[in-house]
Amino acid sequence: MKHLLSIESLDAATIHGILARAAELKHQRGPHPEAPLAGECWALMFSKSSTRTRLSFEVGIRELGGQPIFLAANDIQLGRGEPIRDTARVMGRMAHGAVIRTFAQADVEEFAALSGIRTINALTDEEHPCQILSDLFTIAEKRGALDGLTVTFIGDGDCNVARSWIWAAARLGFALRIAAPSKFQPPAELVRRAGGNITVTTDVLGASDGADVLYTDVWVSMGKEDEAAFRLAQFGGYQINRAAVDAAGGTPLVMHCLPAYRGKEITDDIFEANAPTIFDQAENRLHAQKAVLTLLEK
Ligand code: CP
Ligand code: NVA
């Protein structure tokens, strides 16, 4: 694997390899004794806000012996219209790897193809692979295995995080249920193409029934702010709350990729009751991404 551009492009063995490496790195946390990224500079090029992804990559690259260079898209010429294909060819001459958060998936793919350097998708409108790898690691850590689990995603079923869940379920074979308003469900064609055991419904409690994991994400993703009023009206009830937890049988893992908007996609009481899991999930971004950084072929 030279790049991490999506979950769609990974096979099960590669995902399991990343999770196993993440476990090792979490166990020996801190500066890596062999500094596998020694002498390397990594460009972090972000066109959207970030707390977790930015911090975990900056810390992780340093712990692996490399140096991160943060480039906010609006501070570089990209923000004034320089094409991604030219940005890629410049960065490819100077940096050893790139971590990119942007809008179009095609931009990350074009960057990877033209820069020639290791490229990681740090969130696009289509996928958030680093998040889902960390989430899979968190579930495996807490439940021992991913086999036989049912994961229920409640909220915006057509967002980047939900789409990466679809590909993870397809590749690893666990059951995924998506409860979303009809206007915010993943395209039927995508679900068909992914295959696997995936159901999509408008019924939050039905989808939560017996679930091992209840998962949610914001109702208004970055870049969708213009639709905020419409989305808030559509998403009422597509929430992890006491009723959803009870439907799941009382002790599901409750997960949130963060940032969380209490009273919207999750209630405050359920968020706080599950804060240890949710912040382990956030910490695991560091370990899972360090695993990816050590596994990409130079
Ligand atoms: N979950 C996640 O990617 O968080 P940030 O937007 O803060 O990076
Ligand atoms: N779906 C969210 C994820 C944030 C980490 C967004 O794109 O804003």
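Each remark here, short or long, concerns the structure printed above.
I will try to describe carefully the structure that is included in this document. Remember, predicted model here, so these are calculated numbers, not experimental data.

**Observations regarding the overall build of the chain**
Each helix and strand counted, the chain has 12 helices and nine strands in total. Its C-alpha atoms give the chain a radius of gyration of 19 Å, near enough to 19 Å, the size a compact globule of 298 residues would have. Projected onto the principal axes, the alpha-carbon positions of the chain cover approximately 55 × 40 × 35 Å. Classification of the 298 residues of the chain by burial places 53% in the buried group. Sequence separation of at least 24 residues holds for 75% of the intrachain contacts in the chain that already meet a minimum separation of 6. Element-wise, carbon and sulfur atoms account for 49% of the exposed surface of the chain, whose accessible area totals about 12200 Å². Distance between charge centres in the chain, computed from 30 positive and 37 negative side chains, equals 3 Å.

**What to know about the site of ligand 2**
Close to ligand 2 lie Leu123, Asn160, Asp217, Val218, Ser221, Met222 and Leu258, which account for all nearby residues. Note that a nitrogen atom of ligand 2 is positioned 2.6 Å from one of the side-chain N or O atoms of Asp217. Between ligand 2 and Ser221 there is a distance of 2.7 Å, counted from a nitrogen atom to a side-chain nitrogen or oxygen. For ligand 2, whose unbound accessible area comes to 270 Å², protein coverage reaches 94%. Taken together, the residues of the shell around ligand 2 break down into four nonpolar, two polar and one charged.

**Considerations on the packing of helix α1 (residues 12-27) against helix α12 (residues 275-295)**
Relative orientation and spacing of two packed helices are given, respectively, by the angle between their axes and the distance between those axes. Running from amino to carboxyl end, α1 crosses α12 at an angle of 115°, the nearest separation of the two axes being 8 Å. The chirality of how α1 crosses α12 is right-handed. Only Glu283, Asn284, His287, Ala288, Lys290, Ala291, Val292, Thr294 and Leu295 of α12 make contact with α1, whose side of the interface consists of Gly17, Ile18, Arg21, Ala22, Leu25 and Lys26. Along the lines of polarity and charge, the residues of the contact of α1 with α12 split into seven nonpolar, four polar and four charged.

**Some words on the sheet that holds strand β9 (residues 253-256)**
Spatially, β7-β6-β5-β8-β9 is the arrangement adopted by the five strands of the open sheet, whose pairing is parallel. With one partner strand each, in any of the chains shown, β7 (198-201) and β9 form the two edges of the open sheet. Strand-to-strand twist of the sheet, defined as the mean angle between neighbouring strand axes without regard to direction, takes the value 20°. The sheet contact formed by strand β6 (residues 175-179) and β7 spans four bridges and is parallel. When the sheet's bridge partners are listed, Arg177 is paired in β7 with Thr199. Across the face of the sheet, α12 comes into contact with β8 (213-216) and β9 while running at roughly 50° to β9.

**So, the site of ligand 1**
In the region of ligand 1, the neighbouring residues are Ser50, Thr51, Arg52, Thr53, Arg101, His128, Gln131, Cys257, Leu258 and Arg285. Gln131 is positioned with one of its side-chain polar atoms (N or O) 2.9 Å from a nitrogen atom of ligand 1. Against a free-state accessible area of 250 Å², the protein chains account for coverage of 95% of ligand 1. Across the shell around ligand 1, the residue classes break down as two nonpolar, five polar and three charged.

**Side note on the packing of aromatic side chains**
Going through the model one piece at a time under the given rule, you end up with eight aromatic pairs. Taken together, a centroid distance of 5.9 Å and an interplanar angle of 80° make the contact between Trp165 and Phe174 edge-to-face. We note that Trp165, like Phe174, is buried. Between Trp165 and Tyr215 the ring centres are 5.2 Å apart and the planes differ by 70°, which places this aromatic pair in the edge-to-face class. In this pair, Trp165 sits in helix α6 (residues 160-172) while Tyr215 sits in strand β8, placing the two residues 50 residues apart along the sequence. The same class applies to Trp165 and to Tyr215, which are both buried. Linked through ring pairs, Phe153, Trp165, Phe174 and Tyr215 together constitute an aromatic cluster.

Conventions used here
- Residues numbered from 1 in each chain as written.
- Chains lettered and ligands numbered in written order.
- Predicted model: local features only at pLDDT ≥ 70, side-chain atom pairs only at ≥ 80, totals over all residues.
- Heavy atoms only, no water.
- Helix = DSSP H or I, 4+ residues; strand = E, 2+ residues; numbered from the N terminus.
- Rg over C-alpha atoms; globule rule 2.2 N^0.38 Å.
- Buried < 20%, exposed > 50% of the residue type's maximum accessible area, 1.4 Å probe, protein only.
- Contact = heavy atoms within 4.5 Å.
- Areas by Shrake-Rupley, 256 points an atom, 1.4 Å probe, with all protein chains shown as cover.
- Lys, Arg positive; Asp, Glu negative; His and termini not counted.
- Charge placed at Lys NZ, Arg CZ, Asp CG, Glu CD.
- Near = heavy atom within 4 Å.
- Polar contact = N/O pair within 3.5 Å; in protein donor to acceptor, adjacent residues only side chain to side chain.
- Nonpolar A, V, L, I, M, F, W, Y, C, P; charged D, E, K, R; others polar.
- Axes fitted to C-alpha atoms, helices over the stretch in contact; angles between N-to-C directions.
- Left-handed = near helix turned anticlockwise from the far one by under 90°.
- Pairing = 2+ DSSP bridges.
- Phe/Tyr/Trp six-rings, centres within 6.5 Å; stacked < 30°, edge-to-face > 60°.

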